[in-house]
Amino acid sequence: MDATPPITAAAAPPAPRSLHRFANPGRFLRASGRVLPWLSAAAAGVLAAGVAWALAFSPPDWQQGETVRIMYVHVPMAWLAMGGYLALALASAAALVWRHPLADLLARELSPVGAVVTALCLATGSLWGRPMWGTWWVWDARLTSVLVLFFLWLGHAALVRAFDEPERGARAGAILALIGVVNLPIVKFSVDWWNTLHQPASVTRLGAPAMHVEMLYPLLVCALGFALAFAALVLARTRAAVMERRIRALELARARREERGMAA
Amino acid sequence: MTLHWAHVAASYALAALGLGALALGAWLRHRAARRRLAALDPRAAARDGAA
Amino acid sequence: MTRKRRRLAILLLCGLGLGSATALTLAAFRDNLVFFLSPSDLAAKPPPADRAFRLGGLVEAGSVERATGADGRPTARFRVTDGAHAISVVYAGILPDLFREGQGVVTLGRLGPDGVFHASEVLARHDETYMPPEVADALKRAGHWDPSQGAAPPAGGWNTLSPRPGG
């Protein structure tokens, strides 16, 4: 409560207090500026190798045939939808507990990417389900809980942008993100707790993966590539958001100066 | 086993489209912010590697 | 005023999204926490007649008969089993790719007075195994696995098997 500066103070021209506030984001800009090109190049490289392996050099499945290749997109998207949400929850907790301004920005920039990734997970799953299961969609516990995860991503993205004061939106979004965490174990264990049309986990399970290594290795490469791309996207968006915030502060300061100059 | 290349192609196309749109959006936003910042505060922008 | 209204709209949209998400979850969990009933469930507690429900289990080995109906549509008769009990199913329509003997299926339909389940929809389940055709053939040849009898052997025994003959 007391740590939130009044609105007038937050928008004040660069006083020592707000300079201190930007000190940390400045360091973030410098460090992320060095990392981002390498991260993007690594994502592009790993993704190109993974997709080529998945499409051209991995075997078909004995009963799914070539349609199994959808799995190399679907499964990484599912992992990212859940792992990304965990990152959102951690950033939200950091924002609520430590009031770290970067955590708010990170959460704000994370949710649109998470929503796209979850939508891709749902869409590719549907494209696989139609020929394999015989239906685009069923309301079983796994599919329904992933749809709820998608709504949580969308809800967070909309909520943090719904307020005039970014601090209030960020706090509301952080609370929503933390409430939504209950859905993560439901998504993960839905296939074990209830009978579902969706199959149980093949890779992340106790014992040997129920997937032949000639499919498992390209899947892991694709998952790494998509994860790197996800990280690069979120980092680039967060950098842009930090710069945009600084631009707003500078423009406000300039407007004040001009106002004072006019009055004098 | 029937082929479902349309479904496979659509899956990869959707993924490329979705992530590509995000990447393009992030890049444009990043570039616009960098230029604006460099115009407003050239010294700080150079220091932070944002220029 | 317009900003206020925009905020209100976004908030209402949020509430609508979250509300419908919760409602969907609750509805889905009430009806579909048990997504399907097994033949043993039916034997223990038959559902009221003429109520549509989902029946799930494995397609019994040797039970599938395919034919072409009077209207030219393919029809299939098979038995769904969970080991203890089995129920005959008739279905007119195209079966999904993964349908085969020994595969898990979920069928939607009604139980007739003759004890035959009349399915309006047949969905095939996929189990968690992914293997190249050569590996599946090798397992079948070696007698380690008959897919029509059920699940694949433990993955540790085959997931690093070389799929190329002589490899």
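Just so it is clear, the structure is predicted and the values come from calculations on it, not from any experiment. (Residues numbered from 1 in each chain as written. Chains lettered and ligands numbered in written order. Predicted model: local features only at pLDDT ≥ 70, side-chain atom pairs only at ≥ 80, totals over all residues. Heavy atoms only, no water.)

### Brief notes about the overall build of chain B
For chain B, the helix and strand inventory stands at two helices and zero strands. Counting only residues that meet the buried cut, chain B has 35% of its 51 residues in that class. Total accessible area computed for chain B in this model is approximately 3000 Å², and 67% of it derives from carbon and sulfur atoms. (Helix = DSSP H or I, 4+ residues; strand = E, 2+ residues; numbered from the N terminus. Buried < 20%, exposed > 50% of the residue type's maximum accessible area, 1.4 Å probe, protein only. Areas by Shrake-Rupley, 256 points an atom, 1.4 Å probe, with all protein chains shown as cover.)

### Some points on the overall build of chain A
When its secondary structure is counted, chain A shows eight helices and zero strands. The N-to-C order of helical and strand elements in chain A reads α-α-α-α-α-α-α-α. When burial is assessed residue by residue, chain A has 52% of its 264 residues classed as buried. The long-range share in chain A, meaning contacts at least 24 apart out of those at least 6 apart in sequence, stands at 76%. (Contact = heavy atoms within 4.5 Å.)

### So, a nonpolar patch on the surface
On the surface, W79(A), Y217(A) and L220(A) cluster together into a nonpolar patch covering about 280 Å² of accessible area. Topologically, Y217(A) is positioned in helix α8 (residues 213–263). (Patch = residues over 30% accessible without salt bridge, like charges linked within 9 Å, V, L, I, M, F, W, Y side chains within 5 Å. Salt bridge = Lys/Arg side-chain N within 4 Å of Asp/Glu carboxyl O.)

### Some thoughts on the packing of helix α3 (residues 71–98) of chain A against helix α4 (residues 101–132) of chain A
Residues and elements named next belong to chain A. Taken N-terminus to C-terminus, the directions of α3 and α4 make an angle of 160°; their axes are 8 Å apart at the nearest point. One element, α3, and the other, α4, form an angle in the roughly antiparallel class. Relative to α4, α3 is oriented so that their crossing is left-handed. In terms of residue class, the contact of α3 with α4 is built from 17 nonpolar, six polar and one charged. (Axes fitted to C-alpha atoms, helices over the stretch in contact; angles between N-to-C directions. Parallel < 35°, antiparallel > 145°, perpendicular 65-115°, else oblique. Left-handed = near helix turned anticlockwise from the far one by under 90°. Nonpolar A, V, L, I, M, F, W, Y, C, P; charged D, E, K, R; others polar.)

### Re the nonpolar core
Counting residues in each nonpolar core, the largest one holds 84 residues, and the members touching the most others are M71(A), Y72(A), M77(A), Y85(A) and M211(A). Among the elements that take part in this core, α8(A) stands out by supplying 17 residues, more than any other. Not counting residues up to four positions away in its chain, the partners in contact with M71(A) are P76(A), M211(A), L219(A) and Y130(C). In this structure, A76(C), I87(C), F99(C) and V105(C) belong to the second largest nonpolar core, which totals 16 residues. (Core = buried A, V, L, I, M, F, W, Y, C linked by side-chain atoms within 4.5 Å.)

### Things to note about the interface of chain A and chain C
Each side of the interface is counted separately: chain A has 50 residues, and chain C has 49 residues. Both faces considered, chain A and chain C share a buried interface measuring about 4200 Å² in area, 62% of it formed by carbon and sulfur atoms. On the chain A side of the interface with chain C, the three residues burying the most area are W62(A), Q63(A) and H212(A), jointly 19% of the side's total. Our count for the chain A to chain C interface comes out at zero salt bridges. Counting only elements with at least two residues in the side of chain A that touches chain C, the list comes to α4, α5 (141–160) and α8 of chain A. The biggest single contributor to the side of chain A that touches chain C is α5(A), with nine residues. (Buried area = accessible area lost by both parts, 1.4 Å probe.)

### Concerning the UniProt feature "transmembrane region" (unreviewed entry) in chain B
Within this structure's numbering, the places UniProt gives as "transmembrane region" (unreviewed entry) are residues 6–28 of chain B. Between the first and last C-alpha atoms of residues 6–28 of chain B the distance is 32 Å; the span itself is 100% helix and 0% strand. (UniProt positions renumbered as here; feature names shortened; annotations may be inferred.)

### Some words on a positive patch on the surface
On the surface, R254(A), R256(A), R257(A) and R260(A) cluster together into a patch of positive charge. Positionally, R257(A) belongs in helix α8. (Lys, Arg positive; Asp, Glu negative; His and termini not counted. Charge placed at Lys NZ, Arg CZ, Asp CG, Glu CD.)

### Describing the environment of T81(C)
Residue and element names in this part refer to chain C. Structurally, T81 is set in strand β3 (residues 74–81). A relative accessible area of 14% means that T81 is categorised as buried. Considered as a pair, T81 and G57 are 24 residues apart in the sequence and their alpha carbons are 5.4 Å apart. Dropping the residues within four chain positions of it, T81 is found in contact with P39, G57, L58, E60 and A86. At 3.2 Å, the side chain of T81 forms a polar contact with the backbone oxygen of H85. (Polar contact = N/O pair within 3.5 Å; in protein donor to acceptor, adjacent residues only side chain to side chain.)

### Some words on the packing of aromatic side chains
Geometry of an aromatic ring pair is reported as the spacing of the ring centres plus the angle between the planes. Enumeration over the complete set of coordinates arrives at seven aromatic pairs over all chains. The ring of F189(A) carries K188(A) above its face, with NZ or CZ at 5.9 Å from the centroid. (Phe/Tyr/Trp six-rings, centres within 6.5 Å; stacked < 30°, edge-to-face > 60°. Lys NZ or Arg CZ within 6 Å of the ring centre and 35° of its normal.)

### Overview of the side chain of T196(A)
On the secondary structure map, T196(A) appears in the loop between α7 (183–193) and α8. Residue T196(A) is classed as buried on the basis of its relative accessible area, which comes to 0%. A polar atom in the side chain of T196(A) sits 2.8 Å from the backbone oxygen of H198(A). Sequence-distant contacts of T196(A), defined by excluding residues within four places in its chain, comprise D140(A), A141(A), R142(A), S190(A), V191(A), F35(C), F36(C) and R125(C).

### Considering the pattern of salt bridges
With the rule as written, the count across this model stands at ten salt bridges over all chains. Put simply, E251(A) and R36(B) hold a salt bridge, and the shortest N to O gap is 2.7 Å. Pair noted here: E251(A) is in helix α8 and R36(B) is in helix α1 (residues 5–40), and the two residues belong to different chains. Take R36(B): its relative accessible area is 34%, and that puts it in the partly exposed class.

### Some words on the UniProt feature "transmembrane region" (unreviewed entry) in chain A
All names here are of chain A. Feature annotation in UniProt places "transmembrane region" (unreviewed entry) on residues 35–57, 77–98, 110–129, 141–160, 172–195 and 215–236, given in this structure's numbering. Secondary structure over residues 141–160 splits into 100% helix and 0% strand, and the C-alpha atoms at its two ends are 28 Å apart. Secondary structure over residues 215–236 splits into 100% helix and 0% strand, and the C-alpha atoms at its two ends are 32 Å apart.

### Re the packing of α5(A) against helix α6 (residues 166–180) of chain A
All names here are of chain A. One way to put it is that α5 packs onto α6 with a least axis distance of 8 Å and a crossing angle of 165°. Here α5 is positioned roughly antiparallel relative to α6, judged by the angle of their axes. Where α5 crosses over α6, the two elements pack in a sense that is right-handed. Residues L152, G155, H156, L159 and V160 of α5 lie in contact with α6, whose contacting residues are G169, A170, A172, G173, A174, L176, A177 and G180. In terms of residue class, the contact of α5 with α6 is built from eight nonpolar, five polar and no charged.

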